[in-house]
Amino acid sequence: MGIHPNMETFTLGRTEAYETLDEAVDNLSSHFSLKNDDQKKILEQYLEKTLQKENGNYIYDACSKRVKIW
């Protein structure tokens with residue numbers, strides 16, 4: 001079609017801090033569109049293993065790769 005878009009890949013970096021693991025699960029449950037308690041339990045187990053603990057807070061690394069096309 002003769003279309004040659006410009007593309008730029010970049011990292012959108014941010015972190016989120018939570019005082020408790022329950023707070024992280026509650027907040028991130030809606031982010032991941034979880035529907036029931038079984039799914040929340042799986043998320044809780046995952047976050048328990050992966051969240052960094054820093055100054056008494058649980059730190060969630062919410063960085064993601066993005067592509068800008070124009």
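Right above here is the structure, for reference.
Calculation notes
- For every chain, the first residue of the written sequence is number 1, and numbering continues from 1 along that sequence.
- Totals for whole chains, interfaces and linings use every residue, but because this is a predicted model, local features are given only for residues with pLDDT of at least 70 and side-chain atom pairs only at 80 or more, for both listing and counting.
- Only hydrogens and water are set aside; all other atoms, that is, all heavy atoms of the structure, feed into the side-chain values.
- Among the buried residues, those of types Ala, Val, Leu, Ile, Met, Phe, Trp, Tyr and Cys that are joined through side-chain atoms within 4.5 Å form a nonpolar core.
- Summary of the burial criterion: residues with accessible area below 20% of their type's maximum are buried, those above 50% are exposed, and those between are partly exposed, where the area comes from a 1.4 Å probe applied to protein chains only.
- By definition, any uninterrupted DSSP run of H or I lasting at least four residues is a helix, any uninterrupted run of E lasting at least two residues is a strand, and each is numbered from the N terminus.
- In what follows, a contact means two residues having at least one pair of non-hydrogen atoms within 4.5 Å.

### Points about the nonpolar core
Next up, step 1: Tyr18, Leu21, Ala24, Val25, Leu28, Leu43, Leu47, Leu51, Tyr58, Tyr60 and Ala62 together form the largest nonpolar core, which totals 11 residues.
Next up, step 2: Put simply, the parts of the chain that give this core at least two residues each are helix H1 (21-31), helix H2 (37-50) and strand E4 (57-61).
Next up, step 3: It is H1 that provides the largest number of residues to this core, a total of four residues.
Next up, step 4: Not counting chain neighbours up to four residues away, the residues in contact with Leu51 comprise Leu21, Ala24, Tyr58, Ile59 and Tyr60.

### Quick notes on unusual backbone geometry
Next up, step 1: The backbone of Ser33 shows a phi angle near 55°, a positive value even though the residue is not glycine.
Next up, step 2: Among the structural elements, Ser33 can be located in the loop between H1 and H2.

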